[in-house]
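Chain residues, written in single-letter form:
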Amino acid sequence: MSNEEFRAAMSRLAAGVVLVTAHDADYGPRGEDVGMTATAFLSVSLDPPLVMVSLRTGSRMDDLLAEQPLWGVSLLAETQRQVAGRFAMKGRVSDRLLFEDLAHERGEVCGAPLITGALATLECRTEQRVEAGDHTLVIGRVLKVGLEGPGTGPLTYFKGRYRHLA
């Protein structure tokens, strides 16, 4: 099996799209907000409430969450394709400009930006990190949930493209 075959097989698995965010207080005088689009995100447990996100090892988010235990997740609505694309860009210099004109609120518990209009928001604290190949699985305890999102469907990712449910 080649990497291309494995990637093609996995692209046929539809996934929800989330924005994982954290605040890096040590970056500059006021800190910096960091965001990353993710499709490898899931609920792990109801009791206690746990979720998991898969981060590319050595990515900015992986490095930050190794030091910062508090982070946020915005479950993106089908109308938020631009948000997903904005934070999926490779090689960007800083996330500061990406958040600048994006409606968001700062999480009460995690201090990270939570996207306005998301289907739901979660504020999490890292419970465990598991090295898995070229990724790190970050398991977080959900400390607070926000459910003020619109009545639209989720943004999904299937065969390499953002989609909405029919």
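A brief structural summary. As the structure is a computational prediction, the values presented were derived from the model and not from experiment. (Residues numbered from 1 in each chain as written. Predicted model: local features only at pLDDT ≥ 70, side-chain atom pairs only at ≥ 80, totals over all residues. Heavy atoms only, no water.)

### Remarks on the overall build of the protein chain
Threshold: Working definition: helices are DSSP H or I runs of at least four residues, strands are E runs of at least two. Numbering for both runs from the N terminus. To get the radius of gyration, use the C-alpha atoms; to get the globule rule, take the number of residues to the power 0.38 and multiply by 2.2 Å. What makes two residues a contact is simply this: any of their non-hydrogen atoms within 4.5 Å.
Scanning the protein chain from terminus to terminus reveals four helices and 12 strands. Against the compact-globule benchmark of 15 Å for 166 residues, the protein chain has a radius of gyration of 15 Å, which places it among compact chains. Based on the C-alpha atoms only, the size of the protein chain along its principal axes is roughly 45 × 40 × 35 Å. Contacts in the protein chain between residues far apart in sequence, at least 24 positions, make up 62% of those at least 6 positions apart.

### Topic: the state of the cysteines
Here is the rule: What counts as a disulfide here is a pair of cysteine sulfur atoms lying within 2.5 Å. Only protein chains enter the calculation, and the probe is 1.4 Å; a residue is then buried if its accessible area is under 20% of its type maximum, exposed if over 50%, and partly exposed in between.
Applying the stated criterion to the full structure yields zero disulfides. With no disulfide partner, Cys110 has as its closest neighbouring cysteine sulfur the one in Cys124, 7.7 Å distant. On the basis of relative accessible area, Cys110 is assigned to the buried category, the value being 5%. Accessibility expressed as a relative area gives 1% for Cys124, which makes it buried.

### Observations concerning the environment of Phe87
Along the polypeptide, Phe87 turns up in helix α3 (residues 81-88). The spatial distance from the C-alpha of Phe87 to the C-alpha of Ala38 is 9.1 Å, given a sequence separation of 49 residues.

### Regarding the sheet that holds strand β2 (residues 18-24)
Where we set the bar: A pair of strands counts as paired when DSSP detects no fewer than two bridges linking them. Between N-to-C directions, angles span 0 to 180 degrees; the directions come from axes that are lines fitted to C-alpha atoms, helices contributing only their stretch in contact.
An order of β3-β2-β6-β9-β10-β5-β4 is seen for the seven strands of this open sheet, with the pairing classed as antiparallel. Looking at strand neighbours, the two that pair on one side only are β3 (32-38) and β4 (41-45), the edges of this open sheet. Neighbour-to-neighbour, the strand axes of this sheet turn through a mean angle of 35°, independent of strand direction. Relative to strand β9 (residues 120-132), strand β6 (residues 70-75) is paired through six bridges, and the arrangement is antiparallel. Bridge pairing in β9 links Leu70 to Arg125. On the sheet, helix α2 (residues 60-67) packs against β2, β3, β5 (50-56), β6, β9 and β10 (135-146) and is oriented at approximately 55° with respect to β2. α3 contacts β2 and β3 of the sheet and is inclined by roughly 110° relative to β3.

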